[in-house]
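Working through the structure, step by step
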Amino acid sequence: MHTSRRQLLQVGLGSAAAIALSSSVPNFVSQFAYANAAANADISNDNVLVVVQLTGGNDGLNTVIPYRSDEYHKGRPYIAIKDKYHTLSDQLALNPGMGAFKGLFDEGRLAVVNGCGYPDPNRSHFRSMEIWQTAETVKAKPDGWLGHYIDHCLRGTDNPLKGVNVGSQLPQALVSDLAPVPCIQSLDDFRVRLDGAASQDVKLEEEIIRQLNEVRNQTPSLQFLSRQATNAIITADNLRKLQAYKPDVTYPYGLGKQLQLIAQLIDANMGTRIFYCQIGGFDTHANQPSQHQYQLNQVSESIAAFYKDLAAKGHGEKVAVMCFSEFGRRVAQNNSNGTDHGTAAPMFVVGGKVKGGLYGAYPSLSDLDSGDLKYTTDFRRVYATLLDKWLNVNSAEVLGNRFEPMMFL
């Protein structure tokens with residue numbers, strides 16, 4: 001079967017080989033300056049970071065609860081959590097839906113980072129999420145902090161799966177200048193697609209590689225396309241053999257199934273360093289308590305299942321999970337038994353090498369900024385910790401500035 005030139009230039013593996021041919025390709029291949037990825041010889045170079053995004057603005061006060069605070073109960077007469085919470089200290093507790101996180105905390109595998117935010121907070125979903133995903137609080141940026149990491153620090157490999165987003169839309173955090181990051185929702189996404197039609201025809205894949213190799217030396221762009229498409233086809237063929245994966249736990253639906261797919265890819269040892277997934281439903285303006293507890297239960301149960309599955313397969317110490325939301329909520333409840341957009345909120349980090357515990361000062365509920373919490377931990381300190389101490393790179397090169405690492409790793 002002959003593949004036309006038009007079809008040849010449209011080849012993709014779902015989104016796994018979404019390769020852009022632009023005039024910039026020859027320039028960046030030869031001219032781009034990369035950061036040194038080997039920052040610390042004592043840190044493994046195959047550690048994996050999984051980012052879980054809580055979309056909508058998670059209410060930090062009803063997530064990590066200051067259950068002894070009079071200001072907390074006064075500001076929330078109807079939605080304050082008064083019982084069934086899971087105590088972390090003599091002042092703080094987890095939401096009743098987060099029993100699985102309590103178990104991880106007791107095992108020393110959950111770090112709770114309090115008061116995370118940034119200067120001059122923005123309460124717009126779009127702008128605040130942009131700030132978190134780019135790690136830039138002042139000016140808009142086209143690429144994300146993880147995309148910057150992939151571009152600068154994962155040089156020297158043609159692996160098309162340096163990073164993977166589980167979902168239909170690429171988050172800005174993974175937008176990069178050089179390396180396309182695939183969005184997948186199942187292993188079926190890894191198929192050759194010509195003019196929108198999917199195929200698993202091995203002969204077709206071989207023909208595509210053969211024809212690309214015939215023309216690859218004509219231009220630098222075709223050399224790039226040939227290399228990337230060949231690697232993507234080989235990677236897809238390997239991924240399609242993973243259907244026999246058997247989890248050692250039962251994953252919840254929703255976020256749990258996203259994490260199950262990530263566990264499957266990690267277990268296959270495909271060399272992917274970054275995974276990203278997200279769960280919505282945290283914009284709780286009305287009737288918050290039951291809805292919020294349900295969402296937190298799904299997050300807690302899903303991440304705990306993911307950790308236990310990987311630990312059972314011997315991967316527990318090579319994976320860290322970071323959980324964040326674009327902002328917290330206001331201290332006082334609104335007239336609809338909900339909460340409105342606020343500022344600081346906790347972040348969570350889970351993993352076999354995480355030093356569990358409470359980190360960062362809990363924000364004051366009496367010293368507020370126009371009814372909002374004042375952040376106590378710059379969220380980029382968490383990013384810097386993961387970059388420096390987990391991914392083994394110079395965080396200042398990725399983030400554009402130096403932020404003091406924390407001690408949870």
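Residues numbered from 1 in each chain as written. Predicted model: local features only at pLDDT ≥ 70, side-chain atom pairs only at ≥ 80, totals over all residues. Heavy atoms only, no water.

To continue, consider the overall build of the protein. A tally of helices and strands in the protein yields twelve helices and 15 strands. A total of about 17,000 Å² of accessible surface is found on the protein, and carbon and sulfur atoms cover 47% of it. (Helix = DSSP H or I, 4+ residues; strand = E, 2+ residues; numbered from the N terminus. Areas by Shrake-Rupley, 256 points an atom, 1.4 Å probe, with all protein chains shown as cover.)

Spatial ordering of the open sheet is given by β3-β5-β4, a layout of three strands whose pairing is antiparallel. Strand pairing shows two members of the sheet lacking a second neighbour, β3 (64–65) and β4 (86–87), which therefore form its edges. By the bridge criterion, two bridges tie β4 to strand β5 (residues 93–94) in an arrangement that is antiparallel. Bridging across to β5, His-86 finds its partner in Leu-94. (Pairing = 2+ DSSP bridges.)

Closest axis-to-axis distance for the helix α9 (residues 255–267)/helix α10 (residues 288–312) pair is 9 Å, and the angle between their directions is 20°. When the interaxial angle is binned, α9 and α10 end up roughly parallel. Taken as a pair, α9 and α10 cross one another with a handedness that is right-handed. Taking contact as the criterion, the partners of Leu-255, Gly-256, Leu-259, Ile-262, Ala-263 and Ile-266 in α9 are, on α10, Gln-298, Val-299, Ser-302, Ile-303, Phe-306, Asp-309 and Leu-310. Its residues assigned to classes, the contact of α9 with α10 shows nine nonpolar, three polar and one charged. (Axes fitted to C-alpha atoms, helices over the stretch in contact; angles between N-to-C directions. Parallel < 35°, antiparallel > 145°, perpendicular 65-115°, else oblique. Left-handed = near helix turned anticlockwise from the far one by under 90°. Contact = heavy atoms within 4.5 Å. Nonpolar A, V, L, I, M, F, W, Y, C, P; charged D, E, K, R; others polar.)

A few words on the pairing of strand β12 (residues 319–325). With seven of seven residues buried, β12 lies mostly within the body of the structure. On β12, burial covers both faces: Val-319, Val-321, Cys-323 and Ser-325 on one face and Ala-320, Met-322 and Phe-324 on the other are all buried. Pairing geometry for strand β2 (residues 48–54) and β12, over seven bridges, is parallel. Across the sheet, Leu-54 pairs through a bridge with Ser-325, a residue of β12. Alignment of β12 against strand β13 (residues 345–351), held across four bridges, turns out to be antiparallel. Following the sheet pairing, Met-322 is matched in β13 by Val-349. (Buried < 20%, exposed > 50% of the residue type's maximum accessible area, 1.4 Å probe, protein only.)

Our focus in this paragraph is the packing of helix α4 (residues 99–106) against α10. The N-to-C vectors of α4 and α10 enclose an angle of 45°; their axes lie 7 Å apart at closest approach. As the angle between them shows, α4 and α10 are arranged oblique. Contacts between α4 and α10 involve Gly-99, Ala-100, Phe-101 and Leu-104 from the former and Val-299, Ser-300, Glu-301, Ile-303, Ala-304 and Tyr-307 from the latter. Residues that form the contact of α4 with α10 fall into these classes: seven nonpolar, two polar and one charged.

If you walk through the whole model with that rule in mind, you get twelve salt bridges. Residue Asp-59 pairs with Arg-76 through a salt bridge whose shortest N-O separation is 2.6 Å. Placement of the pair is Asp-59 in the loop between β2 and β3 and Arg-76 in the loop between α3 (70–75) and β4, with a sequence separation of 17 residues. Residue class for Asp-59 comes out buried when judged on its relative accessible area of 0%. Across the pair Glu-130 and Arg-127 runs a salt bridge whose closest N-O atoms are separated by 2.6 Å. (Salt bridge = Lys/Arg side-chain N within 4 Å of Asp/Glu carboxyl O.)

We now examine the packing of aromatic side chains. Taken as a whole and assessed by the stated rule, the structure comprises eight aromatic pairs. Ring plane angle 20° and centroid distance 4.2 Å describe the contact between Trp-132 and Phe-379, whose orientation is recorded as stacked. Of this pair, Trp-132 sits in helix α5 (residues 125–134) while Phe-379 is found in helix α11 (residues 379–389), placing the two residues 247 residues apart along the sequence. Summarising the burial analysis for this pair, Trp-132 and Phe-379 share the class buried. For the pair Tyr-359 and Phe-408, a centre-to-centre distance of 6.1 Å together with 75° between the ring planes defines the contact as edge-to-face. (Phe/Tyr/Trp six-rings, centres within 6.5 Å; stacked < 30°, edge-to-face > 60°.)

This paragraph deals with α9. Taking 1.5 Å of rise per residue, the 13 residues of α9 would be expected to cover 18 Å, and the 18 Å separating its terminal C-alpha atoms lies within 8% of that figure. Leu-255, Gly-256, Gln-258, Leu-259, Gln-260, Leu-261, Ile-262, Ala-263, Gln-264, Leu-265 and Ile-266 are the residues of α9 that are buried. The positive-phi residue at the C-terminal boundary of α9 is Asn-269, with phi of around 55°. (Expected span 1.5 Å × (residues − 1).)

Counting 46 residues, the largest nonpolar core has Val-50, Phe-101, Leu-259 and Phe-306 as the members making the most contacts within it. Looking at this core element by element, the count peaks at eight residues for α10. When sequence neighbours within four positions are dropped, the list of residues in contact with Val-50 reads Leu-259, Ile-262, Ile-266, Phe-275, Phe-306, Val-319, Ala-320, Val-321 and Met-322. Of all hydrophobic cores here, the second largest spans 44 residues; its members include Ile-131, Val-181, Tyr-276 and Val-393. (Core = buried A, V, L, I, M, F, W, Y, C linked by side-chain atoms within 4.5 Å.)

Here we take up the environment of Phe-327. For Phe-327, the location among the structural elements is in the loop between β12 and β13. Phe-327 sits 14 residues away from His-341 along the chain, and the two C-alpha atoms are 7.2 Å apart. The contact partners of Phe-327, leaving out residues within four places of it in the chain, are Gly-56, Gly-57, Asn-58, Asn-122, Arg-123, Ser-124, His-125, Ser-128, His-341, Gly-342, Thr-343 and Ala-345.

This brings us to the confidence of the model for the protein. Mean pLDDT over the protein stands at 85; residues scoring 70 or higher make up 75%. pLDDT under 50 marks residues 1–37. Its contacts with residues more than four places away, or in other chains, come to 82 contacts. (pLDDT = per-residue confidence, 0-100.)

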